[in-house]
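Tertiary structure, described
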Amino acid sequence: MTIHQDFNAIQGAAAFIQQQFKGAVDKAVVLGSGLGAFTDGLEIECEIPYSSIPHFPVSTVEGHIGKIVVGSLDGIRVLVLSGRFHYYEGYSASEVVFPIRVASVLGVKQLYISNAAGGVNTSFKVGDLMIIHDHISFSTINPLLGKNLDELGTRFPDMSEPYSKRLIGKAMTIAARLGIHVHQGVYFGVTGPSYETHAEYRMIQLVGAHAVGMSTTQEVIAAIHCGMEVFAMSVITDIGIREEENQISHEDVLEAAQASAPILTRVFQELILSERN
Ligand code: HPA
């Protein structure tokens, strides 16, 4: 067992974070690549660099700046994970989900996740938004492997509704009211870091997915394990199933994510505001 699978380490990190602000937090947001704009709309209470938090995974990537931002969205406190740990960076699956588990110990009951994903549905265009209503996670490592953390949840969690139908319904209504077009679809989780071959994109489409990406599914499995309600949305940053001979680059992915960040942020904000306790 590594330190990141140890409940005491999770508790230690949570206790440190709790010292930085007063009161409780029950909503957390994970910001995907190029989607950092969400924090601009917050009245910030504190910012905690990941590197200062006991037991938080240590960044292996040059220039990686991850931090927790606690702030209020029109009076609703949210904990933002700004910067996530990806499996492709060399983190173990339990390191990838460590912040989710820490959030759970802090009292977070709802998790809002964003990501950048490649489209494999032929009707999708770059810049589109897709609400994730289910996922396929067989081609990446399950974060619950190893000894079960009984303090967090059961050995064999049910995954029949990983993405809250209730929140999806509300988000669809909100998007329609704002005039923002959103798809719904299945997200296929891969490890990356290489993008998919044409044959792989076709396979992913064939098994019933609509988009593919290198994050999210491990986080969602850990969140469901600890009893959270989850909402997740992708920005489609490239089209995997395509006739053109163009290549996919990380720069193009980031650019497309940034261009759609305002509409994604708007849906997240309105959804969170609609969940005022
Ligand atoms: N494949 C995998 N991950 C991604 C992609 C993709 O096409 N686009 C953004 N993240």
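Our structure is the block above this text.
Report follows, based on the coordinates. (Residues numbered from 1 in each chain as written. Predicted model: local features only at pLDDT ≥ 70, side-chain atom pairs only at ≥ 80, totals over all residues. Heavy atoms only, no water.)

Structural notes on the site of the ligand
Stated formally: Put simply, a residue is near a molecule or strand once any heavy atom of it comes within 4 Å of that molecule or strand. Think of a polar contact as two N or O atoms within 3.5 Å of one another; within protein, one of them needs to be a possible hydrogen donor and the other a possible acceptor, and neighboring residues in sequence only count if both atoms come from side chains. Working definition of accessibility: Shrake-Rupley area with a 1.4 Å probe, residue cover restricted to the visible protein chains. Note on conventions: DSSP H or I runs of at least 4 residues are helices, E runs of at least 2 residues are strands, and numbering of each starts at the N terminus. Any residue that is not Ala, Val, Leu, Ile, Met, Phe, Trp, Tyr, Cys, Pro, Asp, Glu, Lys or Arg is counted as polar, Gly included; the first ten are nonpolar and the last four charged.
The full set of residues close to the ligand is Ala 116, Ala 117, Gly 118, Tyr 195, Glu 196, Tyr 201, Val 212, Gly 213, Met 214, Thr 237, Asp 238 and Val 253. Here a nitrogen atom of the ligand sits 2.6 Å away from a polar atom, N or O, in the side chain of Glu 196. Between a nitrogen atom of the ligand and a side-chain N or O atom of Thr 237, the distance comes to 3.5 Å. Relative to its unbound accessible surface of 260 Å², the ligand loses 96% to contact with the protein. Those elements that place two or more of their residues in the shell around the ligand are β5 (110-119), β8 (211-213) and β9 (229-239). Looking at the shell around the ligand element by element, the count peaks at 3 residues for β5. Residues of the shell around the ligand, tallied by class, amount to 7 nonpolar, 3 polar and 2 charged.

A word on a nonpolar patch on the surface
Definition in use: Patch definition: residues above 30% relative accessible area lacking any salt bridge, with like charges linked at up to 9 Å and the nonpolar side chains Val, Leu, Ile, Met, Phe, Trp and Tyr linked at up to 5 Å. Should a side-chain nitrogen of Lys or Arg be within 4 Å of a carboxyl oxygen of Asp or Glu, the pair is scored as a salt bridge.
A cluster of nonpolar side chains, namely Met 203, Leu 206 and Val 207, defines an oily patch on the protein surface of about 330 Å² accessible area. Position of Leu 206 relative to the elements: it lies in helix α5 (residues 198-206).

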